[in-house]
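So you can see what is in the structure, the chains are spelled out below.
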Amino acid sequence: MSMKILFMGTPDFALFSLRSLVEAGENVIGVVTQPDKPKGRGYTLTPPPVKVYAMEKEIPVYQPGTLRGEEFATLLSELAPDLIIVVAYGKILPANVLDYPKYGCINVHGSLLPAYRGAAPMQRAIMEGQPETGITTMMMDVGLDTGDMLLVGKVAIEENDNFETIHDKLGECGANTLLDTIKALREGTLTRTKQDDSLATYAAKIEKSDCLIDFTKSAMEVHNQIRGLSPIPLAFTYTPDGKMLKVPTTEVAKREGTLAPAGTVLSLAGGKIEVACGTGSIFVLSVLPEGKKRMAAADFINGRKIAVGDVLTAK
RNA sequence: CGCGGAGUAGAGCAGCCUGGUAGCUCGUCGGGCUCAUAACCCGGAGGUCAUGUGGUUCAAAUCCCAUCUCCGCAA
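Since this is a predicted model, take the numbers as computed values, not measurements.

**Digging into the domain arrangement of chain A**
Looking at chain A, the domain boundaries give domain 1 (4-203) and domain 2 (208-302). Placing a centre on the C-alpha atoms of domain 1 and another on those of domain 2 gives a separation of 34 Å. Listed per partner, the contact involves 13 residues of domain 1 and 13 residues of domain 2. With both sides pooled, the region where domain 1 packs onto domain 2 buries about 1000 Å², and carbon together with sulfur makes up 50% of that total. Residue aspartate 210 is joined to arginine 124 by a salt bridge in which the shortest nitrogen-to-oxygen separation is 3.0 Å. Across the domain 1-domain 2 interface, the total number found is nine residue pairs in polar contact (both at pLDDT 80 or more). Of all the secondary-structure elements, those providing two or more residues to the side of domain 1 that touches domain 2 are helix 5 (121-127) and helix 6 (163-187). Considering each element in turn, the side of domain 1 that touches domain 2 owes the most residues, four residues, to helix 5. Taken together, the residues that form the side of domain 1 that touches domain 2 break down as four nonpolar, four polar and five charged.

What follows is the structure, given as structure tokens:
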């Protein structure tokens, strides 16, 4: 049975799934992705990763500004997909789209639903210190990540995993879980499980305020925040001269109790910047100073930009 | 023409405003010392100060002009 699949997705995370569909020989008849957006210095118009890949594979690409209205409805009836796969597309699908395909719309979501519904499930799970996260495939409905669950894949979050490593592991896991889901659909063995709404939690989009490091929290909480935001967009603090300092990598020091006022630099031994937290301390292993490249903490120390006793603060 | 920072030894930086001997922390190489350390001491190598056979000047890393490259913010 060859189903006509329409793929909807935008960033790198979606690319894992699209690539696996293509490589598995599925009949991907088109890709819907967000319009090119101005990015970076000088506002260069940049295509989303999914578009770049689709064009390489000569799959038709569509970038509607909206899914509501005649235009997209017409396109949909021309393409006539049997199944729509949605992975981090970035827009809400209206009811007429959800209802169109014979086999419905399947979403690949980066959490163990009903936990972490919403925009930033991977980051939030790490930031909140979860020991594991995963992928849930679901039949989409009109709610935000509220549809019936299909299959689940789990991924452990190790102490030094960060957003990048979890993103890649879940991308991989998502691709595999998606293929399993389609296989089950085809074989008629797919079962739907309702979400328990009473257990639902939301993973709100990451805001600037989420990125400000709060050293009054425990060393582990600070570490979780920093790694959940690394390498994008990165957690930050301010040095005594008022310059912003982003922190890509840290590790938790094995120390207990309150060592000094939160944010105080305790030591520069071994090329690590040890910073006091509410309880315990963390080692800052690399930094990204304002206007500079990312560098090892040892280099930052060599340039004499920080000293024992300096206090890193919210400004 | 979105805003801003930066290009000086292998790395991170200072020096530039107020032109006049190329400096700091580290790494590296050689030697010494210690039971030992993120060790310590002594010595050395390594730079056409991004580019222009540009301008000003007795003299330019420093002031002026142009170009290239890298980065942060914002979106």
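Picking up where we left off.
**Some details on the protein's contact with RNA strand B**
In the vicinity of RNA strand B, 20 residues are found, and the nearest of them are Lys246, Ala269, Lys293, Asp299 and Arg304. When atoms of RNA strand B within 4 Å of the protein are sorted by moiety, sugar and phosphate together comprise 56%. Between RNA strand B and lysine 292, the relevant distance is 2.7 Å, taken from a sugar or linking oxygen to a main-chain nitrogen or oxygen of the residue. Lysine 305 has a polar side-chain atom sitting 3.4 Å from a phosphate oxygen of RNA strand B. When its residues are assigned to classes, the surface near RNA strand B shows five nonpolar, six polar and nine charged.

**A few points about empty space enclosed by the protein**
On inspection of all chains with the given rule, the structure shows one cavity of 30 Å³ or more. A volume near 30 Å³ is recorded for the largest cavity. Lining the largest cavity are Leu245, Val247, Ile273, Val275, Val284, Val287, Ile306 and Leu312. Listed by contribution, the elements that provide at least two residues to the lining of the largest cavity are strand 13 (244-252), strand 15 (273-276) and strand 16 (281-289). Its residues assigned to classes, the lining of the largest cavity shows eight nonpolar, no polar and no charged.

Cut-offs used in this document
- Numbers given for residues are sequential positions, taken from 1 along each chain in its written order.
- Chains and ligands are labelled by the order in which they are written, letters from A for the one and numbers from 1 for the other.
- Reporting in this predicted model follows two pLDDT cut-offs: at least 70 for local features of residues, and 80 or more for side-chain atom pairs to be given and counted; totals over whole chains, interfaces and linings ignore these cut-offs and use all residues.
- Where side-chain values are given, they derive from all heavy atoms of the structure, hydrogens and water being excluded.
- Domain extents, as shown, originate in an automatic or database domain assignment.
- Contacts are assigned to residue pairs with any non-hydrogen atoms lying within 4.5 Å of each other.
- What counts as buried area is the accessible surface, traced by a 1.4 Å probe, that two parts surrender upon association, with contributions from both included.
- Between Lys or Arg on one side and Asp or Glu on the other, a salt bridge is scored when a side-chain nitrogen of the former is within 4 Å of a carboxyl oxygen of the latter.
- Any pair of N or O atoms that falls within 3.5 Å is considered a polar contact. Within protein, one atom must be able to donate a hydrogen and the other to accept it, and sequence-neighbouring residues count only if both atoms are side-chain atoms.
- Only DSSP runs of H or I covering at least 4 residues are called helices, and only runs of E covering at least 2 are called strands; the numbering of each starts at the N terminus.
- When residues are grouped by polarity, Ala, Val, Leu, Ile, Met, Phe, Trp, Tyr, Cys and Pro land in nonpolar, Asp, Glu, Lys and Arg in charged, and all others, Gly among them, in polar.
- Near, as used in this document, describes a residue that has one of its heavy atoms within 4 Å of the molecule or strand being considered.
- Within this scheme a cavity is a closed region of a 1 Å grid, computed over the protein atoms alone, that accommodates a 1.4 Å probe without allowing it to escape, whereas a pocket is open but has protein on both sides within 12 Å along at least five of seven lines; lining residues each have an atom within 4 Å of a point.
- Grid points are joined across faces, edges and corners, and a volume is the space filled by probe spheres set on the points.

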